[in-house]
Amino acid sequence: MVALGYLIFAGLINSAYTLPLKLKLTWKWENMWLAFTILGIWVLPSALGMWTIPHFWSIYGQINTRTLMIVLFSGATWGVGMLLCGISVDLIGVAAMFATVMGVSTSVGAVLPLLLQGTGGVSLRAGMLIGLGIASTILGVVLCGLAGRQREKDEAAKIKRSGAGFLRGFIFAVLAGTCGSMLNFGLVAGAPLIAIARQHGASARDATNAAWVPVLVVGAIPAILYCVRLLRKNHTGANFLCRGTVPYLFLALLMGVLWFGSVVVYGWATLRIGALGAVLGWPLFMVSIVLGSAIWGVVTGEWKHAGTRARVLMASSVAMLVVAIGVLASANARN
């Protein structure tokens, strides 16, 4: 139950990290995202790692090159996935992109560690429950995507989205979901780093920072390059010199605290769950993010103009995701 509480909390704060982007700011998206990436994905994780793990940077010289390369590859792949999300949303819309990315990321992120670790420690009943839980999760996020699409139709009935490029956008979204799941794989592949951090005197919780830092530092590079490109293209680099720079930097740091905080708490939860931590934890984390997004959507008034069909679909999505939480929690208890 403690692990489940961690995962729900992690999902709630993760779903809130983009809320500052809803504010009307002088800074454009690329200004905020660049500041968030540098502060929240580079500086904050590295600082936390150095603070919580003795002789932090020496850890990376104590593992074999192959393991380090796998961890770095996981981070780079995850970073590409973040960019593909932004590309696909322009082609197929927010709702379709969200449903596709979350559904693919949930299933791949749970199954990949299971394949890596092997299934020897998984009972038949637990395996069936894991499969049912993942299927319920995918159905839940699909319903969420349909609800979002219906809401968009209700709010802008006269705006018609062209179907041109939908297949390309859908492929990008599938790739984005697959790449995005590599964040979870990076934690699994970074197990040797966590073990060495423990040998350095770090606690079980703090030791996970040794795996997160290389994944995130490398994963941030594609986003930084893309933001720099947008700054040059849109001539928005001068926004960093505007009067509101300090408050905007605070907002970007807040985004980083919420996002990376959710990642850290997710890592704690996987330790609590045990051997199947990355297998069961990732779907539950994704479910919690979807539920959190639904809550924040209501709080910020995103659904006030939605029709009955959209609200029913959203309620069905939430109900299915709650079922998925129960099934996956049961899988862990019965294994």
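One can find the structure itself at the top, above this paragraph.
Rules used in this analysis
- Residue positions are given per chain, counted from 1 along the sequence in the order it is written.
- Reporting in this predicted model follows two pLDDT cut-offs: at least 70 for local features of residues, and 80 or more for side-chain atom pairs to be given and counted; totals over whole chains, interfaces and linings ignore these cut-offs and use all residues.
- Just so you know, side-chain values use all the structure's heavy atoms and leave hydrogens and water out.
- Axis geometry follows a simple rule: fit a line to the C-alpha atoms, using only the stretch in contact for helices, then measure angles between N-to-C directions, giving values from 0 to 180 degrees.
- Put simply, DSSP marks the helices as runs of H or I at least four residues long and the strands as runs of E at least two long, and each gets a number from the N terminus on.
- Should an angle fall under 35 degrees it is taken as roughly parallel, and over 145 as roughly antiparallel, whereas 65 to 115 is taken as roughly perpendicular and any remaining angle as oblique.
- Residue contacts follow a heavy-atom distance rule, with two residues in contact if any of their heavy atoms lie within 4.5 Å.
- Under the scheme applied, nonpolar residues are Ala, Val, Leu, Ile, Met, Phe, Trp, Tyr, Cys and Pro; charged residues are Asp, Glu, Lys and Arg; polar residues are all the others, including Gly.
- Pairing of aromatic rings covers Phe, Tyr and the six-membered ring of Trp, with a centre-to-centre limit of 6.5 Å; geometry is then stacked below 30 degrees between planes, edge-to-face above 60, and tilted otherwise.
- A ring is considered to have a charge above it if a Lys NZ or an Arg CZ atom is located within 6 Å of its centre and within 35 degrees of its normal.
- Only residues whose relative accessible area exceeds 30% and that take part in no salt bridge are eligible for patches, with like-charged residues grouped when within 9 Å of each other and nonpolar side chains (Val, Leu, Ile, Met, Phe, Trp, Tyr) grouped when within 5 Å.
- Residue exposure ignores everything except the shown protein chains as possible cover, and the areas themselves are Shrake-Rupley values with a 1.4 Å probe.
- Salt bridges are defined by distance alone: a side-chain nitrogen of Lys or Arg within 4 Å of a carboxyl oxygen of Asp or Glu.
- What we call a nonpolar core is a set of buried Ala, Val, Leu, Ile, Met, Phe, Trp, Tyr and Cys residues that are connected through their side-chain atoms within 4.5 Å.
- A 1.4 Å probe rolled over the protein chains alone gives each residue an accessible area, and that area as a share of the maximum for its type sets the label: buried under 20%, exposed over 50%, partly exposed in between.

Engineer: I would appreciate a short explanation of the packing of helix α7 (residues 182-189) against helix α8 (residues 191-199) in the present structure.
Structural biologist: A pair of packed helices is characterised by two quantities: the angle between their axes and the separation of those axes. At their nearest, the axes of α7 and α8 sit 5 Å apart, and the two run at 50 degrees to each other. Relative to α8, the element α7 is oriented oblique. Here Leu187, Val188 and Ala189 of α7 lie close against α8, whose contacting residues are Ala191, Pro192 and Ile194. Per-class residue counts for the contact of α7 with α8 are six nonpolar, no polar and no charged.

Engineer: Help me out: how do you make sense of the packing of aromatic side chains in this one?
Structural biologist: Aromatic ring pairs are reported here in terms of the distance separating the ring centres and the angle at which the planes meet. Tallying each qualifying case throughout the model produces 14 aromatic pairs. Geometrically, the ring pair formed by Trp29 and Trp33 is stacked, given 5.3 Å between the ring centres and 10 degrees between the ring planes. One end of the pair is Trp29 and the other is Trp33, both in helix α2 (residues 29-52) and four residues apart, which spans about a single turn. In textbook terms, an aromatic cluster arises when at least three aromatic residues are bridged by ring pairs, as seen for Tyr17, Trp29, Trp33, Phe36 and Tyr226. A cation over a ring is seen here: Arg205 above Trp268, with NZ or CZ 4.5 Å from the ring centre.

Engineer: I tried to follow a nonpolar patch on the surface on my own but got confused; where do I start?
Structural biologist: A surface patch of nonpolar side chains, amounting to about 420 Å² of accessible area, comprises Ile38, Trp42, Val43, Ile221 and Leu225. It is α2 that contributes the most residues to the nonpolar patch, three residues altogether. By the element assignment, Trp42 lies in helix α2.

Engineer: Help me understand the nonpolar core, please; the structure alone is not making it clear to me.
Structural biologist: Most often, soluble globular proteins keep nonpolar side chains buried together rather than apart. Counting residues in each nonpolar core, the largest one holds 57 residues, and the members touching the most others are Ile59, Leu183, Trp212, Leu216, Trp259 and Phe285. Those elements that provide at least two residues to this core are α1 (2-14), α2, α3 (65-92), α7, α8, α10 (209-234), α11 (245-273) and α12 (277-299). Once residues within four sequence positions are removed from consideration, Leu216 is found in contact with Ile41, Trp42, Pro45, Trp78, Leu183, Trp259 and Phe260. Judged by nonpolar contacts, the second largest core, of twelve residues, contains Leu143, Ala147, Val287 and Ala294.

Engineer: Just to check I follow, could you spell out unusual backbone geometry for this structure?
Structural biologist: Outside of glycine, negative phi angles account for most residues, and trans bonds account for most peptide bonds. Not every positive phi belongs to a glycine, and His55 is a case in point at roughly 50 degrees. Relative to the helices and strands, His55 resides in the loop between α2 and α3. Not every positive phi belongs to a glycine, and His235 is a case in point at roughly 55 degrees. Given the relative accessible area of 69%, His235 is considered exposed.

Engineer: I'm lost on the packing of α8 against α10 in this one. Help?
Structural biologist: The contact between α8 and α10 brings their axes to 7 Å, and the two run at 135 degrees. Here α8 is positioned oblique relative to α10, judged by the angle of their axes. Two secondary-structure elements touch here, α8 through Leu193, Ile194 and Ala197 and α10 through Ala210, Ala211 and Pro214.

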